[in-house]
Amino acid sequence: MPELFPSPASTPRVRFAPSPTGYLHVGSARTFILNWLFARHNHGTMVLRLDDTDLERNTDTSVQSIFEGLRWLGLNWDEEYKQSERLALHRQAAEAIFARGLAYRDFTPAHAGDDNQSGPQGAWLFNSGMRDLSREESDRRAAAGEAFALRFRVPRGTDRALRFIDGVYGEQSKLADEVEDFALLRSDGMPTYHLASCIDDADLHISHIIRGQDHLTNTFKHLLIFEALEAKAPQFAHLPLLVAPDGAKLSKRKHGPVVSVTTYRDAGFLPQAFINFLCLLGWSPKNDRDFLTLDEIRDLFTLDGVNRANAVVNFTEADPFDPKAVWLNAEHLRALPVEELSEKLMPFFEQAGFHPSPKMVAAVTPLIRERIKLLRDAAPAADFFFLSELPPYDPAELIPQKGDAALAARVLQHAEQVLATTTFDHASLESALREAAAALNLKAGSMFQPIRVAICGRKNAPPLFETMAVLGRDVCLPRIRQAIAKLDALA
RNA sequence: GGCGCUAUCGUCUAGGGGUUAGGACGUGAGAUUCUCAAUCUUAAAACACGGGUUCGAUUCCCGUUAGCGCUACCA
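Residues numbered from 1 in each chain as written. Chains lettered and ligands numbered in written order. Predicted model: local features only at pLDDT ≥ 70, side-chain atom pairs only at ≥ 80, totals over all residues. Heavy atoms only, no water.

S.K.: Kindly report on the pairing of strand 4 (residues 103-106), identifying the contributing residues and their values.
M.R.: The alternating pattern of strand 4 places Ala 103 and Arg 105 on one face and Tyr 104 and Asp 106 on the opposite face, and all of these are buried. In the sheet, strand 4 pairs with strand 5 (residues 149-152) via four bridges, with the strands oriented antiparallel. Paired with Arg 105 across the strands is Leu 150, a residue of strand 5. (Buried < 20%, exposed > 50% of the residue type's maximum accessible area, 1.4 Å probe, protein only. Helix = DSSP H or I, 4+ residues; strand = E, 2+ residues; numbered from the N terminus. Pairing = 2+ DSSP bridges.)

S.K.: So what's going on with the protein's contact with RNA strand B? Which residues, and what values?
M.R.: Inspection of the region around RNA strand B gives 69 residues, with Thr 108, Arg 186, Gly 282, Glu 370 and Arg 452 positioned closest. Of all RNA strand B atoms lying within 4 Å of any protein atom, the proportion belonging to sugar or phosphate reaches 74%. Separating a base nitrogen of RNA strand B from a side-chain N or O atom of Asn 218 is a distance of 3.1 Å. Elements with a minimum of two residues in the surface near RNA strand B: strand 5, strand 7 (170-175), helix 6 (193-203), helix 7 (218-228), strand 12 (311-312), helix 12 (323-335), helix 18 (444-456) and helix 19 (464-471). For the surface near RNA strand B, the leading source of residues is helix 12, giving five residues. Within the surface near RNA strand B, the residues separate by chemical class into 24 nonpolar, 21 polar and 24 charged. (Near = heavy atom within 4 Å. Polar contact = N/O pair within 3.5 Å; in protein donor to acceptor, adjacent residues only side chain to side chain. Nonpolar A, V, L, I, M, F, W, Y, C, P; charged D, E, K, R; others polar.)

S.K.: Tell me about the packing of helix 17 (residues 426-439) against helix 18, and please be specific about residues and values.
M.R.: When two helices pack together, their arrangement is given by the angle between their axes and by how far apart the axes lie. Interaxial distance between helix 17 and helix 18 falls to 9 Å at its minimum, and their mutual angle equals 120°. Classified by the angle between their axes, helix 17 and helix 18 sit oblique to one another. By crossing handedness, the relation of helix 17 to helix 18 is classed as right-handed. Contact residues: helix 17 offers Leu 433, Arg 434, Ala 436 and Ala 437, while helix 18 offers Ala 444, Met 447, Phe 448 and Ile 451. Looking at the contact of helix 17 with helix 18, its residues break down into seven nonpolar, no polar and one charged. (Axes fitted to C-alpha atoms, helices over the stretch in contact; angles between N-to-C directions. Parallel < 35°, antiparallel > 145°, perpendicular 65-115°, else oblique. Left-handed = near helix turned anticlockwise from the far one by under 90°. Contact = heavy atoms within 4.5 Å.)

S.K.: An account of the side chain of Arg 369 is needed here, citing residue identities and associated values.
M.R.: By secondary structure assignment, the location of Arg 369 is in the loop between helix 14 (358-368) and helix 15 (378-386). Buried within the structure, Arg 369 lacks any salt-bridge partner; Glu 370 is the closest side chain of opposite charge, at an N-O distance of 5.9 Å. Looking at Arg 369, its side chain comes within polar contact range of the main-chain oxygen of Arg 334, at 3.1 Å. When residues no more than four places from it in sequence are discounted, the contact partners of Arg 369 are Leu 333, Arg 334, Leu 336, Val 338 and Leu 341. (Lys, Arg positive; Asp, Glu negative; His and termini not counted. Salt bridge = Lys/Arg side-chain N within 4 Å of Asp/Glu carboxyl O.)

S.K.: Give me the packing of helix 10 (residues 271-280) against helix 12: which residues, what numbers.
M.R.: Contact geometry for helix 10 and helix 12: axes closest at 8 Å, N-to-C directions at 140°. Comparing their axes, helix 12 and helix 10 come out oblique. As helix 10 runs across helix 12, the sense of the crossing is right-handed. Contact residues: Gln 272, Ala 273, Asn 276, Phe 277 and Leu 280 in helix 10; Lys 324, Ala 325, Leu 328, Asn 329 and His 332 in helix 12. For the contact of helix 10 with helix 12, a count of residues per class yields five nonpolar, four polar and one charged.

S.K.: Describe helix 15, listing the residues and the values that go with them.
M.R.: Of all nine residues that make up helix 15, eight are buried, and the element is covered over most of its length. When helix 15 is considered as a whole, its buried residues turn out to be Ala 378, Ala 379, Ala 381, Ala 382, Asp 383, Phe 384, Phe 385 and Phe 386. Contact partners of the buried residues in helix 15: helix 13 (338-351), helix 14, helix 18, helix 19 and helix 20 (473-490).

S.K.: Give a description of the nonpolar core that names residues and reports values.
M.R.: Ranked by size, the top nonpolar core spans 90 residues in total, and within it Ile 33, Leu 73, Leu 184, Phe 269 and Phe 274 carry the most contacts. By residue number, the principal contributor to this core is helix 1 (residues 26-41), which donates nine residues. Beyond its immediate chain neighbours, meaning those up to four positions away, Leu 184 contacts Ile 97, Ala 103, Leu 150, Arg 151, Phe 152, Met 190, Pro 191, Thr 192, Leu 195 and Ile 225. (Core = buried A, V, L, I, M, F, W, Y, C linked by side-chain atoms within 4.5 Å.)

S.K.: Give a description of the sheet that holds strand 4 that names residues and reports values.
M.R.: Pairing is antiparallel in the open sheet, where three strands are placed in the order 4-5-8. Looking at strand neighbours, the two that pair on one side only are strand 4 and strand 8 (183-185), the edges of this open sheet. Averaged over all neighbouring strand pairs, the angle between strand axes comes to 40°, with direction disregarded. When strand 5 meets strand 8, the two strands line up antiparallel, connected through two bridges. Paired with Arg 151 across the strands is Ala 183, a residue of strand 8. The strands touched by helix 3 (residues 87-99) within the sheet are strand 4, strand 5 and strand 8, with strand 4 carrying the most contacts at an inclination of about 100°.

What follows is the structure in structure tokens.
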């Protein structure tokens, strides 16, 4: 018999195999990232494979959104496959398994035994009527056109233990007798996940399967399939699951868009921050560091650092983002060169309805970058830089803590005079205004608050002098006059 | 129900037979400051429970409890 799957390559080959049944969710994204890290750390190959054998649930939009998500992450892969294009191989391999007597046809109508398959006695393992059907009768019913699923004939009564060493969970074993006769082929002839996945992993010479822990117990079935395929089983490493605060596995249905990577992207997460955050869920660099660049993570990444307990993504109804993710994003934002951050900010300004020049954005960016955590925070933080007309504000804001409207008016009038002649740069503005405060016998705070509110329309804003320097005299003076008018109206 | 996996501050985690059980986020207090933010200092906050083994267990073993996963012709 010719060898169906020649021996695997020696450099590590890993794969990410999403099934296109929805958007890319954070759990999948993390699996992808950790596979990528493993591949790149070990100078191996990263394979992307679309596991699209479930015709009922696959959609093109899902394929699009998965690619969109992966592209946003910015991590590349080396080879790309579609499982649905490999059906001939799957059928051929299934036929070979059947021919060797390692599988049998099950003519039980689909879903017929759903209810009483398992109960107090234990799990359903097999239907002896079907398992023991004679080859002749099986052939006859198949020839007559009766639909059947192909099931693996799991060894029975052998005391045989299936074992493997998991890269994360260590030694694993389970009695073959406790594994049910799982399906290989559906009655429509399509391979199941287990079959297609193992065949492709063998055929693509995948050396390490790194995937969610929800597959840990499935691995015993996969061992059986690899053996039936006469292929060497790859190494396995299972990753702890990402769960919601209530402990339930993250799911699209139950948790909605908070688990979609596009939600993070649209809120203004940086891909590197998102990756940093995801890596820290269930993996540790063991060096007390949290803020890490992609290169650092790649250099540090090993399976030893992977934890075994599920990790909670700490989101709430009020806030869909884990506070740590937000903090990391703020850190990564500040680590970005100003020009780069400016470019990232531009689309968020546009989306908010502002159309500032790149030059303006470049000037504003350093003033807001320590005041935003997500890119989407930028527009509300910088609106007054772009608006020709300030939004209405309460004139009472113009009045300093220890003072009254008259004082505020005096401050603004004095400022108006001073600013008429001051050069609009940081140093000149600061010295001029500090002198003005001294002249009025005021503390800096009392002097600056009315001006800040007049210029920005609110009390909390970026540093005053830099802000005024960016805005320029032609914008600042009218705003101060307007503030004076508001104060007059108050009186 | 069966099988498998897991258990350190609210969350992410480090540690490991003898430690003041470390770090980070978040929270509280203070400092700094033209406001806010950033920054700095600081506080509160954890070894699920019960048995062993041991001179000594948070750490090793067993059990309990709890949680999660698989138990589909989904992946």
